[in-house]
Amino acid sequence: MAADVGSSSLQLPCVFSPKSRQYLALCAQDGRLRIWNTDSKTLHQEYVPSAHLSATCICIAWGPCRTVKEGPQRKKRKSEAVQEEKADLLAMGTAAGSVLIYSTAKGALHCTLDGGHSGGVNCVQWHPEDGLLYSGSDDTNIVEWDLQTGKARSKWKADRAAVTSLSVSPDGKLLLSAGQIIKMWDLDTKEIYRKFTGHSSAVTTLRFATTRPPDSNGLYFLSGAAHERLLSVWQVRQDGKDKNSVVSFTLTDEPQHIDLVQSNNKEEAVRLAVVCKDGQLHLFEHFLNGPCKKPLSPSCSVQMSDTKDSPVPIPLLAAALTADKLSVQLAYGNHLQPVMERVEINTAERHICLTRDVQTSLSLTMETSISKVKTPIVNNKSKVLVPGLPGHQAPVKGTSEKRKKDTDTKEISIVERLGEIDLSKVPSEKGAPKGTASLQTDNFAVLLVQGLESNDASILNKVFQTRKEMVIKKTVARLPLPAVLPLVEELTKRLQGHPFTAVLMVRWLKAVLMHHTSYLASLPDLVTQLGVLYHMIESRVKMFHKLTKLHGKLHLLMTQVATSDSSNTVTEVDHTAKLVYEEESSDEDEASGDEALRDDEDSDNWEEDEVLEEKMEEEQVDKEEGNPDIRRDSKENGEEDMEHGNESEEE
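Below is a short write-up of the structure.

Some thoughts on the pairing of strand S14 (residues 174-178)
Okay, step 1: Burial runs high along S14: 5 of the 5 residues are buried.
Okay, step 2: Here S14 shows a buried face lined by Leu174, Leu176 and Ala178 and a second buried face lined by Leu175 and Ser177.
Okay, step 3: Pairing geometry for strand S13 (residues 165-168) and S14, over 4 bridges, is antiparallel. Each bridged residue has a counterpart across the sheet, and for valine 168 the counterpart in S14 is leucine 175.
Okay, step 4: Hairpin connection between S13 and S14: a loop of 5 residues separates the two successive antiparallel strands, and glycine 172 in this loop has a positive phi of roughly 75°.
Okay, step 5: Inspection of the sheet shows S14 paired to strand S15 (residues 182-186) by 5 bridges, in the antiparallel sense. Within the sheet, the bridge partner assigned to leucine 174 lies in S15 and is aspartate 186.
Okay, step 6: In this antiparallel pair of consecutive strands, S14 and S15, the connection spans 3 residues.

Brief notes about the sheet that holds strand S23 (residues 281-286)
Okay, step 1: Taken in spatial order, the 5 strands of this open sheet run S21-S22-S23-S24-S28, and their pairing is mixed. Each end of this open sheet is capped by a strand with a single partner; those strands are strand S21 (255-261) and strand S28 (351-355). Strand-to-strand twist of the sheet, defined as the mean angle between neighbouring strand axes without regard to direction, takes the value 20°.
Okay, step 2: With 5 bridges joining them, strand S24 (residues 300-305) and S28 adopt parallel strand pairing. Looking across to S28, one finds that serine 301 is bridged to histidine 351.

A look at the sheet that holds strand S6 (residues 89-94)
Okay, step 1: On the basis of which strands lie adjacent, the open sheet formed by 4 strands has the order S5-S6-S7-S8 and antiparallel pairing. On the outer flanks of this sheet lie strand S5 (57-62) and strand S8 (108-113), each paired with one strand and no other. The sheet shows a mean angle of 25° between the axes of neighbouring strands, taken without regard to direction.
Okay, step 2: Bridging between strand S7 (residues 99-103) and S8 involves 5 bridges; their strand directions are antiparallel. Pairing of isoleucine 101 across the sheet is with cysteine 111, part of S8.

Some points on the packing of helix H7 (residues 484-495) against helix H8 (residues 499-515)
Okay, step 1: Axis separation between H7 and H8 bottoms out at 9 Å; the angle between their running directions is 155°. One element, H7, and the other, H8, form an angle in the roughly antiparallel class. H8 is crossed by H7, and the crossing has left-handed handedness. Residues Val484, Leu487, Val488, Leu491, Arg494 and Leu495 of H7 pack against Thr501, Ala502, Met505, Val506, Trp508, Leu509 and Val512 of H8.

A look at the nonpolar core
Okay, step 1: One finds Leu448, Phe464, Leu487, Leu491, Trp508, Val512 and Leu520 to be the most contacted residues of the largest nonpolar core, which totals 35 residues.
Okay, step 2: If you list the elements that add at least two residues to this core, you get helix H4 (436-454), helix H5 (457-464), helix H6 (469-477), H7, H8, helix H9 (517-521) and helix H11 (531-568).
Okay, step 3: Per-element tally for this core: the top contributor is H8, with 7 residues.
Okay, step 4: With residues up to four places along the chain from it excluded, the contact list for leucine 520 reads Val484, Leu485, Val512, Leu513 and Leu526.

What counts and what doesn't
Residues numbered from 1 in each chain as written. Predicted model: local features only at pLDDT ≥ 70, side-chain atom pairs only at ≥ 80, totals over all residues. Heavy atoms only, no water. Buried < 20%, exposed > 50% of the residue type's maximum accessible area, 1.4 Å probe, protein only. Helix = DSSP H or I, 4+ residues; strand = E, 2+ residues; numbered from the N terminus. Pairing = 2+ DSSP bridges. Axes fitted to C-alpha atoms, helices over the stretch in contact; angles between N-to-C directions. Parallel < 35°, antiparallel > 145°, perpendicular 65-115°, else oblique. Left-handed = near helix turned anticlockwise from the far one by under 90°. Contact = heavy atoms within 4.5 Å. Core = buried A, V, L, I, M, F, W, Y, C linked by side-chain atoms within 4.5 Å.

And the structure:
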């Protein structure tokens, strides 16, 4: 945000006085205010503020014309009593936060408005009737000044970001303010009436295009932003459905100076003169009556060049529309000595080039060959004591050695520097010290801008070789907005080459679309510039769909072939039996077989029981020898055992 405001403030203010266009006010880089007379083409007044170097002038605005008493005059008759209104007061916003009011009638400073802002004043705007002035600043506040008392009447916070542009409606009831969001304020209550969004950078221009009231759906205003090559027209609708712009005017560069003739009714067209940053003038004429989908091209474009054999373009500084529709007041040349001219333009021609012989006798360069300062020649043996630590000595080398050193050293080219720098080695996020990654991405961004401007393939190849996603994202995020479109065009060229390089370029293109989509969408001729990229991606996507179908069919065929091969390679089953068991069909044999199995099992069990009984009998015999009662019991048991034995024999 701050970068956008700074870039807009570098445009030196240059404004024609209202109505008669008699004066041209310019603020030069040295902080001096110069007022030129457009009729006599001479310097009318020059004012040097006391703090012209520390508090340079950022913006200027002419106040409404008023009747001015210029010294003692003779008493006029009633028929001569009609006094002519002239442009008198001029407001200047400074970088120190103060507003200076200069009077051309007095030729001196009228008053100074202090204490309202803590940051630089980016825009000033006059109220059409009440002697009020509005100023917007970097401190995000708007201040309403009363010129009769020289103090602030009210102050309110307008935005989260710096206020870069202001505009008061023709009836004096509404105020437009903008940073990145455009807000419409009710000046009676100081409350927001409407909000409008649609610019990706700081808004530098706001102008009401019609004088109709807002409740009639006929109030329109236009806006222009930094780094955007179009002007958007917004309609203030009664139902509140005014979120998008209704008309857009296409330009060749960022708008720098705008002058328009407002429309009072639907049957009257809005006339618009826009001077762009590239020094061209574009004229528009359009009837504002609802939305228009197609961007409007200028009805006439004007360029200026000198009369040399190889013509050099002359930049236009400002342009003003006059009551006569055929003529335009122009200011061109340099800010220190502009050339003013009223030119008749044939709007039937779309492009006009005016050739002028501009005198370049004004020289701003100072010759430094003559100098009163002499540098002493010191011998190598002598030593000079430098204040600081005690005993500290610093030898001073002779001038002859310094000259030899200067002549021997040669400036290293960018290609040699790139050869010394290994761009592939990117420090890891964990191990690298703080600041190394950001420093490298800064170097990448600078190198990328240099490569795009010089169209140097070696620099671009070095930068595009990186594969780190984080480095690519940070590099694209640090790119200035004017370098985005050349980067997209370079990526489009490289995408058409080898598929290996296309894989790398897709990463860069993805990062550009992630960070700069809003800026690209604001470009009026984006479709024509990115048409090649769009068609290339579309053709490759169509081919990809066909390739996926082919891949599916081939995969199906390959799986079928693989399964058929595997079924053929299976070994035949060996049908010879490992074990054969034959059964007889008669039931008797089955029964006899079962009994035989049981007899075998019983015989085995019987042999085991017989061994156990013999052991038991031996133990009993031993006990009976010692006890007769036991002997009797054993006999009884022996008889029983015999009986059991006979039963088993019978079985």
